[in-house]
Amino acid sequence: MRRVVCCALLLAGCYRPPPRVLHVQVAVGPELRRQTGWRNLVSARLRALSAIFEPLALRFEVANISEWEPDPKQSLEANRRILAGFHASGDWIELGFYGSRQADGEPGLAVAYDPRVLVFDDPGAGETQQAAGLAHEIAHLLGAWHAHSSGSLMSLPPGTELDRGTMSCLRLTRSVNLSRGPSGLDAATLQRLQELWTASKAEASTNPFYRFYTSRGLEAVARGLPSQAEEDFTKAEHFAPGLAIAHVDLGNVELAAHEFLAAADEMRKALALDPKSSGAMNGLAAVLVVTGHRGEAIEWLAKSVQLTPGDPRVHANMGVVLANTPGRIDDAIAELREALRLDPGNAAMRHSLDLALAARQQGRR
Ligand SMILES: [Zn+2]
């Protein structure tokens, strides 16, 4: 018996996962290209990345390095999405270097099980730190979440140590097919990952499955695919039921699909979790307007304006609702002017103000 146990321990100690090579297509934005020898720099960072993930037998090989002109007028998330991705083999990563890291902030932008990842340049940081930042985002891509211990690869700022929790996660996800999202994991692995995540007591918003489905839902909204978005936000909510924003996201797509009862239900669930949720108040107000409960909608919007007086969208929403409420045109114009004062370049708000002014000109009160 003792001999069997010894052998088992020896085997466990010797266990090495089968090697996996991930091919990396690198797109380099203007910041990093200002450095002399930037192509060599990128190759060196990828070698450092392989060294960090060596205990997991993960190797990262440069497939190609190209110049990239991201669109600074678009959000970072939109720029991450325009990186190609989802190579059928599931062994490809699309890595974009773009933007600068804020002090102590996240070193890039990655979504669990999504092969498109942005990494910021960190001016003034040494190459060890730059590689740690890159490895941090790649670990997010493989489904890892933030660690509490300083010095860990998954803390902020990132260290280089693969802490136990991160190792446990990455051992389960290291072979995931990156073209299939979480469906590239079998049910038992998915359950084990959820147990690990729950035991880590991480913040609800960092749940990798929540992150994946929310990100895919938002992308579906941006691409005009509401039923895909609704499906994704429903799954996202399943993984973060205590998170108000998960209910607001789902409520908003239900509202867009004219599923008013369901939308109101989600907004009220969000408000029960976070009574100050501006998104939920505005979403609920929108449902109440279209279902003929204008007075109650205005009450929610007034509460939202009171809680977030610096948010131009809240004033704009109030302005639009008041503009269509008899006797409130002057109040509507005041709200829309305040919205534009806070966000002077907003064309939609300008258009709403012009309509309200024209309505008053025609004698509407
Ligand atoms: Zn992070």
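Presented here is an overview of the structure given in this document. Starting afresh in each chain, residues are numbered from 1 along the sequence in its written order. Reporting of local features is limited, given that this is a predicted model, to residues whose pLDDT is at least 70; pairs of side-chain atoms are given and counted only at 80 or more, and all residues count toward the totals for whole chains, interfaces and linings.

Thoughts on the overall build of the protein chain
Heads up, the rule is: Runs of E in the DSSP output that reach at least two residues are strands. Runs of H or I that reach at least four are helices, and both are numbered from the N terminus. Burial in this document is a count-based property: other C-beta atoms within 10 Å of a residue's C-beta are tallied, and the residue is buried at 20 or more, exposed at 12 or fewer, or partly exposed in between, with C-beta positions derived from the backbone. Distance between backbone-placed C-beta atoms decides contact: two residues are in contact if it is within 7 Å.
Counting its secondary structure elements, the protein chain contains 16 helices and five strands. Each of the three principal axes of the protein chain carries a C-alpha extent, and together these read 90 × 55 × 35 Å. Sorting the 365 residues of the protein chain into buried and exposed places 41% on the buried side. Considering only intrachain contacts with a sequence separation of at least 6, the fraction spanning at least 24 residues in the protein chain is 56%.

Considering the environment of A144
Topologically, A144 is positioned in the loop between α5 (127-141) and α6 (164-173). Note on A144: 28 C-beta atoms within 10 Å, which makes it buried. Distance in space between the C-alpha atoms of A144 and R81 is 20 Å, their sequence separation being 63 residues. If sequence neighbours within four positions are ignored, A144 has contacts with A139, M154, T166, C169 and L170.

Some details on the sheet that holds strand β4 (residues 108-109)
To keep things clear, this is the line we draw: Paired strands, as defined in this entry, are two strands with at least two bridges between them according to DSSP. For every element, the axis is a line fit to its C-alpha atoms; helices are fit only across the contacting stretch, and the angle between N-to-C directions ranges from 0 to 180 degrees.
Sheet architecture is open: five strands sit in the order β2-β1-β3-β5-β4, paired in mixed fashion. Of all strands in the sheet, those bounded by a partner on one side alone are β2 (58-67) and β4. Contacts between helix α3 (residues 38-52) and the sheet are confined to β1 (20-28) and β2, with β2 contributing the most and set at about 165° to the helix. Contacts from α5 reach β3 (92-100), β4 and β5 (116-121), with the element oriented near 160° to β5.

Examining the nonpolar core
Note the following rule: In plain words, the nonpolar core is the set of buried Ala, Val, Leu, Ile, Met, Phe, Trp, Tyr and Cys residues that C-beta atoms within 7 Å link up.
L49, A135, M267, L284 and A285 are the most contacted members of the largest nonpolar core, which totals 95 residues. By residue number, the principal contributor to this core is helix α12 (residues 278-290), which donates eight residues.

Quick notes on the packing of helix α10 (residues 244-256) against helix α11 (residues 260-273)
Quick note on the threshold: Relative orientations are named as follows: roughly parallel for angles under 35 degrees, roughly antiparallel for angles over 145 degrees, roughly perpendicular for angles from 65 to 115 degrees, and oblique for any other angle. Crossings are sorted by hand: turned counterclockwise from the far helix by less than a right angle, the near helix makes the crossing left-handed, and turned clockwise it makes it right-handed.
At a closest axis distance of 8 Å, the pairing of α10 and α11 adopts a crossing angle of 165°. The angle between α10 and α11 places the two elements in the roughly antiparallel class. When the axes of α10 and α11 are compared, the crossing they make is left-handed. Taking contact as the criterion, the partners of A244, H247, V248, L250, G251, E254 and L255 in α10 are, on α11, F260, A262, A263, E266, M267, K269, A270 and L273.

Topic: unusual backbone geometry
Cis geometry marks the peptide bond from L156 to P157, where omega comes out at -5°. Counting through the fold element by element, P157 comes out in the loop between α5 and α6. Notably, Y113 is not glycine yet its phi reads approximately 65°, a positive angle. Along the chain, the position of Y113 falls in the loop between β4 and β5.

Concerning the environment of Q129
Here Q129 lies in helix α5. Given 17 C-beta atoms within 10 Å, Q129 falls into the partly exposed group. Taking the C-alpha atoms as reference points, Q129 and T160, separated by 31 residues in sequence, lie 8.4 Å from one another.

Things to note about helix α14 (residues 312-323)
Inclusion rule: Helix span, as expected, comes to 1.5 Å for every residue beyond the first.
For α14, built from 12 residues, the straight-helix expectation of 16 Å at 1.5 Å per residue is met to within 8% by its first-to-last C-alpha distance of 16 Å. Within α14, 10 of the 12 residues are buried, which leaves the element mostly enclosed by the surrounding structure. Among the residues of α14, V314, H315, A316, N317, M318, G319, V320, V321, L322 and A323 are the ones counted as buried. Lining the buried residues of α14 we find α12, α13 (294-307), α15 (329-342) and α16 (347-361).

Quick look at the packing of α13 against α14
Describing two packed helices takes the angle between their axes plus the distance from one axis to the other. Running from N to C, α13 and α14 point in directions that differ by 155°, and their axes come no closer than 9 Å. What the angle tells us is that α13 and α14 run roughly antiparallel. For the pair α13 and α14, the crossing hand works out as left-handed. Across the interface between the two elements, R294, A297, I298, L301, S304 and V305 from α13 touch V314, H315, N317, M318 and V321 from α14.

Quick notes on α6
As a reminder, the rule being used: The arc in question is the one spanned by the directions pointing from the helix axis to the C-beta atoms.
For α6, the set of buried residues is G165, T166, C169, L170 and T173. With its buried residues spanning 120° around the axis, α6 presents them on a single face. Summarising the contacts, the buried residues of α6 are in contact with α5 and α7 (187-199).

Some remarks on the environment of D163
By the element assignment, D163 lies in the loop between α5 and α6. Classification of D163 by C-beta neighbours within 10 Å gives partly exposed; the count is 18. C-alpha of D163 to C-alpha of I333: the two residues are 170 residues apart in sequence and 56 Å apart in space. Residue contacts for D163: discarding those within four places in its chain leaves A147, S149, S152 and M154.

Some points on the pairing of β1
In summary, the side chains of a regular strand alternate between the two faces of the sheet. Across nine bridges, β1 lies against β2 in parallel orientation. Residue pairing in the sheet places L22 in a bridge with F60 of β2. Of the strand pairs in this sheet, β1 and β3 are connected by six bridges, and their pairing is parallel. Its bridge partner lying in β3, A27 is registered against G96.

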